[in-house]
Every structure is written in C-alpha cells, then in structure tokens.
Amino acid sequence: MNSIIIIGSGPAAYTAAIYAARANYNPLIFEGEIIGGQLTTTTIVENYPGFEDGIDGKLLMDNLRKQVLKLLDNSRLIQENVTRINTSIFPFEVFVNEDIYKTCSIIIATGATAKKLDIPGGETYWNKGISACAVCDGFLPIFRNKPLAVVGGGDSACEEALHLSKFASKIYLCVRKNCLRASKIMQQRVLKNEKIEILFNTEIIEALGDKKLQSIQIINNLNNFKEYLNVNGLFYAIGHSPNIDFLDSNILCDANGYILTTNTKTNIPGIFACGDVQDNIYRQAITAAASGCMAALECEKYLENI
Ligand code: NDP
C-alpha cells in the first residue's frame with residue numbers, strides 16, 4: 001500500500017514529489033507515457049526564476065526529474081498513463097489498465113493541454129513560428145518587431161495579444177465570431193492598443209512558410225473572402241483542456257473541467273490537485289511548481305492525521 005501516489009510529470013508533479021520524498025513518504029509517481037508536460041513543447045523558458053539567461057524547457061524538466069531521482073528509487077517513477085481512479089473506497093485505488101495500486105492519498109498533477117487548430121501547416125510550423133504560449137515564447141528573437149497573429153476571442157487571446165504588443169510590430173487578433181468573448185476590461189485594453197488590429201469573422205485556414213512560419217491564409221466567414229497575412233508568428237489562444245479523463249465522478253470540477261480546489265485540497269479528503277489541471281488563470285511553470293509544493297505539504301498534514 002502506498003502513502004502518496006502522484007499523477008503527472010510536469011513542474012507541479014515533480015515539485016510535489018520532491019517535497020513528499022523529503023518528508024519520507026516515498027511517493028509513487030505515474031508520469032504518463034509522454035513525460036515532462038507542456039514545458040517540453042516549448043523552447044527557451046525565460047520567466048522561471050533562477051536562470052538569468054533562461055533555460056530550455058526540456059532541460060528544465062530533465063533537471064527536475066533528476067532532482068526527484070536523487071531522492072527516490074528509479075522504480076518509484078512509472079512511465080504509464082493512469083486509466084482510472086476510484087475515490088469511493090479507502091484506501092483509494094489507482095488503475096493502470098488492469099493493475100490496481102492502493103493508496104492513502106493522491107496528488108493529481110496531470111496538467112492541461114492547449115488546444116491547437118487543425119490546419120494544413122499547423123504541425124509543420126509548430127515551434128517554428130506557431131506557439132500556444134505568448135508568455136513563454138513571445139520574447140524570442142524570431143518574433144521581435146515582426147507582425148504576428150493571435151487566434152481566439154477570450155481573455156487568453158486578449159492577454160496574449162497585449163503581451164505580444166510589447167515586442168511585435170503588429171498583431172492581428174483573429175476572432176471567428178463578430179464579437180470578443182473576453183471580459184470588458186480586456187476588450188478595452190485591446191481596443192486601445194494601437195498595434196492590435198482585430199479581424200472579426202476571421203478563421204485561419206492554413207499556415208505557410210519555408211523553414212519557419214511566414215504567412216497564414218485567412219477566410220472571412222461572412223463573405224468567404226480569402227487572403228494571406230504575412231506574419232512570423234501565430235499564437236493559439238483557443239482554450240485549454242484540463243487532463244481529467246481518468247477521474248471518477250466524485251471529484252468536483254468547474255464547467256470547463258478544471259478540478260475545484262481550496263489550497264490544493266479537492267472536495268475529497270486525501271485527494272489533492274495542483275498545477276494546470278486546477279488552474280485556468282495563471283498556468284505558468286512557476287505557479288504550477290509552487291502549487292505542487294502546497295499539495296505535498298497539505299498531503300503531509302492529511303497523512304499525519306489519519
Ligand atoms: P475561452 O474558452 O474563454 O475562449 C476561447 C476563445 O477561443 C473563444 O473566443 C472561442 O471562440 C475561441 N475558439 C475556440 N475554438 C476555436 C477555433 N477552433 N477557432 C477559432 N477560435 C476558437 O478560453 P480562454 O483561454 O480565453 O479563457 C479560459 C478562462 O480563463 C476564462 O474563464 C477566462 O476568463 C480565464 N482567463 C482569465 C484571464 C484574466 O483574468 N486575466 C486571462 C486568461 C484567461 P468563440 O467565442 O467563438 O467560442
């Protein structure tokens with residue numbers, strides 16, 4: 001029987017693992033089949049404190065994992081996807097296909113997946129001009145003083161466009177409807193920003209370039225007029241999906257599927273959640289890591305009292 005099972009392999013999961021291991025709980029970690037989380041899909045991370053020149057996202061995650069392996073035996077890190085959990089009984093059950101692992105507590109840190117557009121060229125230029133995180137990538141030299149496009153009409157899209165306006169020469173905000181969904185204050189900020197041009201009723205249908213993205217083809221969905229926009233960057237801000245497929249129905253989530261937490265505690269004592277799977281506001285590596293620490297400390301408190 002396990003004291004703590006951690007599910008995930010991003011900054012939240014590994015930070016929780018470091019704290020739990022140092023508290024002598026010998027956690028078992030299901031890292032998933034693809035380890036490292038969203039940071040491994042980005043290039044340089046320049047907003048994680050402590051690295052004056054930034055750090056490659058994959059390297060940061062490799063380092064975090066190595067730090068965990070200094071504290072835990074290799075056998076405690078399992079590269080499998082959790083398929084189901086059962087929180088109706090105690091000890092809780094964690095399923096990996098037919099295998100069942102029993103545990104007194106679970107820390108869920110499975111993150112969220114940025115939604116991508118399914119367009120020709122979308123995969124070719126992923127990380128070569130196309131990104132889903134302006135905060136992570138917007139500062140890169142390939143976007144400096146260049147025209148860029150952001151797709152989406154929510155708060156994230158507005159925030160990304162505003163953030164990018166500090167570096168780019170121009171930003172096209174491509175919105176598929178005739179209005180923004182974002183909060184009024186964000187809309188006002190975007191409307192006031194001279195570098196941002198909002199293209200309503202606009203959908204992106206293709207990404208083009210050579211080695212890097214150079215343009216996108218857009219279509220006006222009212223009159224079907226197509227045109228090319230020369231842009232060196234395309235940023236998706238069309239929402240994230242929290243990775244919660246394996247949860248049972250006991251764990252409360254909000255309308256978008258994010259796990260509801262209070263200081264990382266879910267509605268079920270002994271089940272904790274940290275990182276992007278419970279955070280649809282900040283979604284930063286540093287906030288994920290910090291909430292991983294919180295989840296481990298809350299979990300320790302819980303284990304001391306059962
Ligand atoms: P939202 O779900 O609010 O918005 C997603 C946007 O993407 C919508 O405009 C939607 O269009 C558009 N979209 C979705 N799919 C496609 C597609 N295939 N093609 C083109 N456009 C598409 O997500 P956000 O990430 O913006 O926000 C999520 C939550 O986080 C919200 O509650 C938001 O308020 C919050 N948030 C708050 C922030 C803040 O307070 N500073 C910052 C960022 C997020 P349509 O409107 O047509 O459906």
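Quick note: structure is the one above.
Here goes a summary of the coordinates provided.

## Regarding the overall build of the chain
Check the secondary structure of the chain and you find 6 helices and 19 strands. By the compact-globule yardstick of 19 Å for 306 residues, the chain fits well, its C-alpha radius of gyration being 21 Å. For the chain, the C-alpha atoms occupy an extent of roughly 60 × 40 × 35 Å along the three principal directions. Residues counted as buried form 53% of the 306 residues belonging to the chain. Contacts in the chain between residues at least 24 apart in sequence constitute 61% of all its contacts with a sequence separation of at least 6. Of the roughly 15000 Å² that the chain leaves accessible, carbon and sulfur atoms contribute 49%. Here the chain holds 28 positive side-chain charges and 32 negative ones, and the gap between their average locations is 5 Å.

## Concerning the packing of aromatic side chains
Aromatic ring pairs are defined here through the distance separating the ring centres and the angle between the ring planes. All chains considered together, the criterion is met by 7 aromatic pairs. Ring plane angle 80° and centroid distance 5.3 Å describe the contact between F90 and F92, whose orientation is recorded as edge-to-face. It is R84 that lies over the ring of F95; its NZ or CZ is 3.9 Å from the centre. Of note, R144 hangs over the ring of F139, and the distance from its end group to the ring centre comes to 4.4 Å.

## Re the environment of K265
When you line up the elements, K265 lands in the loop between β18 (240–242) and β19 (271–273). Sequence-wise, K265 and A132 are 133 residues apart; in three dimensions their C-alpha atoms are separated by 29 Å. Ignoring anything within four residues of it in the chain, the contact list for K265 reads L260, I271, F272 and E298.

## Notes on the site of the ligand
Neighbouring residues of the ligand: 16 residues in total, closest G153, D155, S156, R176 and R181. Here an oxygen atom of the ligand sits 2.9 Å away from a polar atom, N or O, in the side chain of R176. Take the shell around the ligand: its biggest share by element is 3 residues, from helix α4 (residues 155–164). Residues that form the shell around the ligand fall into these classes: 4 nonpolar, 6 polar and 6 charged.

## Observations regarding the nonpolar core
Residues I85, I107 and I108 are the most contacted members of the largest nonpolar core, which totals 55 residues. When near neighbours in sequence (up to four residues on either side) are disregarded, I108 contacts I7, I85, F246, L247, I251, I259, I271, F272, A273, C274 and V277. If you look at the next biggest cluster of nonpolar residues, it comprises 22 residues, including L162, V175, A182 and F235.

## Things to note about the sheet that holds strand β14 (residues 202–209)
In spatial order, the strands read β14-β15-β16; together these 3 strands make up an open sheet with antiparallel pairing. The sheet is open, and its two borders are formed by β14 and β16 (226–230), each paired with just one other strand. This sheet shows a mean twist of 30° between the axes of neighbouring strands, independent of strand direction.

Procedures and definitions
- Residues numbered from 1 in each chain as written.
- Predicted model: local features only at pLDDT ≥ 70, side-chain atom pairs only at ≥ 80, totals over all residues.
- Heavy atoms only, no water.
- Helix = DSSP H or I, 4+ residues; strand = E, 2+ residues; numbered from the N terminus.
- Rg over C-alpha atoms; globule rule 2.2 N^0.38 Å.
- Buried < 20%, exposed > 50% of the residue type's maximum accessible area, 1.4 Å probe, protein only.
- Contact = heavy atoms within 4.5 Å.
- Areas by Shrake-Rupley, 256 points an atom, 1.4 Å probe, with all protein chains shown as cover.
- Lys, Arg positive; Asp, Glu negative; His and termini not counted.
- Charge placed at Lys NZ, Arg CZ, Asp CG, Glu CD.
- Phe/Tyr/Trp six-rings, centres within 6.5 Å; stacked < 30°, edge-to-face > 60°.
- Lys NZ or Arg CZ within 6 Å of the ring centre and 35° of its normal.
- Near = heavy atom within 4 Å.
- Polar contact = N/O pair within 3.5 Å; in protein donor to acceptor, adjacent residues only side chain to side chain.
- Nonpolar A, V, L, I, M, F, W, Y, C, P; charged D, E, K, R; others polar.
- Core = buried A, V, L, I, M, F, W, Y, C linked by side-chain atoms within 4.5 Å.
- Pairing = 2+ DSSP bridges.
- Axes fitted to C-alpha atoms, helices over the stretch in contact; angles between N-to-C directions.

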